[in-house]
Amino acid sequence: MGLIQRRQAAVMNQHYQRYSLDYFLDAQQRIGFTSIELWCGAQHFWLDDQRYDDVQSLLRKVQRRGLEVVSLTCPSFCFQYQYAPFSPGVADYCLSYFKKGLAVAEDLGCTVMTVNSGWGCMDRPRQESWNASCELLRQLAEEAEQRHITLALESLRQDETDLAYDLPTTRQLIEQVGHPGLKVMADTIATGACGETLEDWFAAFGSDLVHMHFLDGDPFVHNIWGDGNYPLEQMLRCLQANAYTGYLVQEVADERYFADPVAADLQNYRVLSRFFSD
């Protein structure tokens with residue numbers, strides 16, 4: 001039942017944070033995933049606002065195993081770096097950090113870097129946080145355009161942010177930033193948590209929906225496929241009907257999978273591979 005190509009099923013290394021990068025890469029070679037979204041964690045690839053690890057060394061490791069880094073995520077849920085910085089001084093550090101992420105993405109040959117709205121300080125007017133997010137994303141989109149990289153904006157759950165947490169607020173942020181290099185990604189956990197479907201997102205954004213974090217929800221937890229209650233085949237048919245050719249990243253972010261991430265990836269691969277067309 002060919003609904004997606006194997007290359008579209010991409011795996012992230014976030015749930016391997018208790019293991020080495022080599023362990024993660026070896027596991028993907030054995031399992032059969034070929035596409036990777038690199039999560040820049042200190043355990044695997046150091047990235048901050050001043051420096052980052054050797055990209056060519058990483059590339060050699062990836063390519064030696066027949067793998068490809070197709071997208072990049074800069075961790076942004078820490079006080080040091082986020083997309084809606086609390087002050088102008090912090091904004092400089094944040095922008096430098098994310099721009100270095102773009103440099104890494106370019107050197108890896110990625111076409112996509114994921115972003116989000118950040119979140120507002122709870123004792124700060126929401127509009128101030130909103131404006132800070134728009135300004136940083138606008139500057140980042142200008143840099144991304146020069147590097148031929150698309151920024152893919154995901155919504156977050158409303159318990160994570162007061163900014164872009166559903167389809168309307170995501171559309172509003174995209175429109176206000178107003179840069180063609182900022183496109184949309186759907187995270188099926190965030191969209192499901194507010195009762196939205198992929199059909200809703202394709203109807204709103206069409207071909208500007210360029211990337212996905214594609215997990216089985218219940219709907220709030222980042223489940224591997226088979227552990228939640230989402231209608232996988234129906235969702236894949238929606239992708240096919242909308243001619244979606246982007247990546248479906250397995251963002252296995254729930255800590256119950258961290259002890260044995262290989263088992264989680266094996267289950268995801270076995271479930272998804274039933275729908276591969278190649």
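Caption draft 1: Broad picture of the layout of surface pockets. Computed from the structure, the largest pocket encloses a volume of approximately 710 Å³. Around the largest pocket sit 38 residues that line it, and Gln14, Trp39, Pro75, Ser76 and Phe77 are the ones nearest its centre. Going through the elements one at a time, β4 (112–115) and α6 (188–193) are the ones with two or more residues in the lining of the largest pocket. Considered class by class, the residues forming the lining of the largest pocket number 21 nonpolar, 10 polar and seven charged.

Caption draft 2: Examining the sheet that holds strand β8 (residues 248–250) more closely. Read around the closed barrel, eight strands run β1-β2-β3-β4-β5-β6-β7-β8, paired in parallel fashion. Going from strand to strand, the sheet's axes swing by 30° on average, the running direction of each strand aside.

Caption draft 3: Structural context of the environment of serine 71. With respect to the helices and strands, the residue serine 71 is situated in strand β3 (residues 68–73). As a C-alpha pair, serine 71 and glutamine 127 span 56 residues in sequence and 30 Å in three-dimensional space. The residues contacting serine 71, other than those within four sequence positions of it, are Ile36, Glu37, Leu38, Cys110, Val112, His211 and Val249. Here glutamate 37 takes part through its side chain, which lies 2.8 Å from a polar atom of the side chain of serine 71.

Caption draft 4: Structural detail: the pairing of β4. Here β4 shows two buried faces, one formed by Val112 and Thr114 and the other by Met113 and Val115. The sheet contact formed by β3 and β4 spans three bridges and is parallel. Its bridge partner lying in β4, threonine 73 is registered against threonine 114. Bridge analysis of β4 against strand β5 (residues 150–153) gives four bridges, and the strand direction is parallel. When the bridges of β5 are listed, valine 115 appears paired with leucine 153.

Caption draft 5: Main features of the pattern of salt bridges. Using the criterion set out here, one finds 12 salt bridges in the structure. Across the pair arginine 157 and aspartate 159 runs a salt bridge, and its minimum N-O distance is 3.0 Å. Arginine 157 sits in the buried class, given a relative accessible area of 17%. The network of salt bridges with common partners includes Asp22, Asp26, Lys61 and Arg65.

Caption draft 6: Quick look at the packing of helix α1 (residues 21–31) against helix α2 (residues 55–64). For the pair α1 and α2, the least separation of the axes is 10 Å and the interaxial angle reads 25°. By the criterion of interaxial angle, the relationship of α1 to α2 is roughly parallel. For the pair α1 and α2, the crossing hand works out as right-handed. Residue-level contacts link Leu21, Asp22, Leu25 and Gln29 of α1 to Leu58, Lys61, Val62 and Arg64 of α2.

Caption draft 7: A look at helix α3 (residues 88–108). For α3, built from 21 residues, the straight-helix expectation of 30 Å at 1.5 Å per residue is met to within 8% by its first-to-last C-alpha distance of 30 Å. Residues of α3 that are buried include every one of Cys94, Leu95, Tyr97, Phe98, Gly101, Leu102, Ala103, Val104, Ala105 and Leu108, and no others. Where α3 is buried, its residues touch β2 (35–39), α2, β3, β4, α4 (126–146) and β5. One or two positions beyond α3, positive phi appears at glycine 109, with a value near 85°.

Caption draft 8: Molecular detail of the nonpolar core. Judged by nonpolar contacts, the single largest core of 79 residues is most densely connected at Leu72, Phe98, Leu108, Met113, Met212 and Phe214. The dominant element in this core, judged by the number of residues it contributes, is α3, at eight residues. Filtering out sequence-adjacent residues up to four positions away, phenylalanine 98 remains in contact with Cys74, Ser76, Tyr81, Gln82, Tyr83, Met113, Leu136 and Leu140.

Caption draft 9: Spotlight on the environment of valine 262. As for its placement among the helices and strands, valine 262 is situated in helix α9 (residues 261–273). The spatial distance from the C-alpha of valine 262 to the C-alpha of alanine 204 is 36 Å, given a sequence separation of 58 residues. The residues touching valine 262, leaving out its near neighbours within four places in the chain, are Tyr16, Tyr23, Ala27, Arg30 and Ile31.

Caption draft 10: Representation of the side chain of serine 117. Within the fold, serine 117 resides in the loop between β4 and α4. Within the structure, the side chain of serine 117 is placed 3.2 Å from the backbone nitrogen of alanine 164, a separation counted as a polar contact. Apart from the residues lying within four places of it in its own chain, the contact partners of serine 117 are Tyr83, Ala84, Ser133, Leu153, Glu154, Thr161, Leu163, Ala164 and Leu173.

Caption draft 11: Here's a closer look at helix α5 (residues 167–177). All of the buried residues along α5 are Leu167, Thr169, Thr170, Leu173, Ile174 and Val177. The elements touched by buried residues of α5 are α4, β5, β6 (182–187) and α7 (198–205).

The rules behind each value
- Residues numbered from 1 in each chain as written.
- Predicted model: local features only at pLDDT ≥ 70, side-chain atom pairs only at ≥ 80, totals over all residues.
- Heavy atoms only, no water.
- 1 Å grid on protein atoms, 1.4 Å probe; cavity = no way out; pocket = protein on both sides within 12 Å on 5 of 7 lines; lining within 4 Å.
- Points joined across faces, edges and corners; volume = space filled by probe spheres on them.
- Helix = DSSP H or I, 4+ residues; strand = E, 2+ residues; numbered from the N terminus.
- Nonpolar A, V, L, I, M, F, W, Y, C, P; charged D, E, K, R; others polar.
- Pairing = 2+ DSSP bridges.
- Axes fitted to C-alpha atoms, helices over the stretch in contact; angles between N-to-C directions.
- Contact = heavy atoms within 4.5 Å.
- Polar contact = N/O pair within 3.5 Å; in protein donor to acceptor, adjacent residues only side chain to side chain.
- Buried < 20%, exposed > 50% of the residue type's maximum accessible area, 1.4 Å probe, protein only.
- Salt bridge = Lys/Arg side-chain N within 4 Å of Asp/Glu carboxyl O.
- Parallel < 35°, antiparallel > 145°, perpendicular 65-115°, else oblique.
- Left-handed = near helix turned anticlockwise from the far one by under 90°.
- Expected span 1.5 Å × (residues − 1).
- Core = buried A, V, L, I, M, F, W, Y, C linked by side-chain atoms within 4.5 Å.

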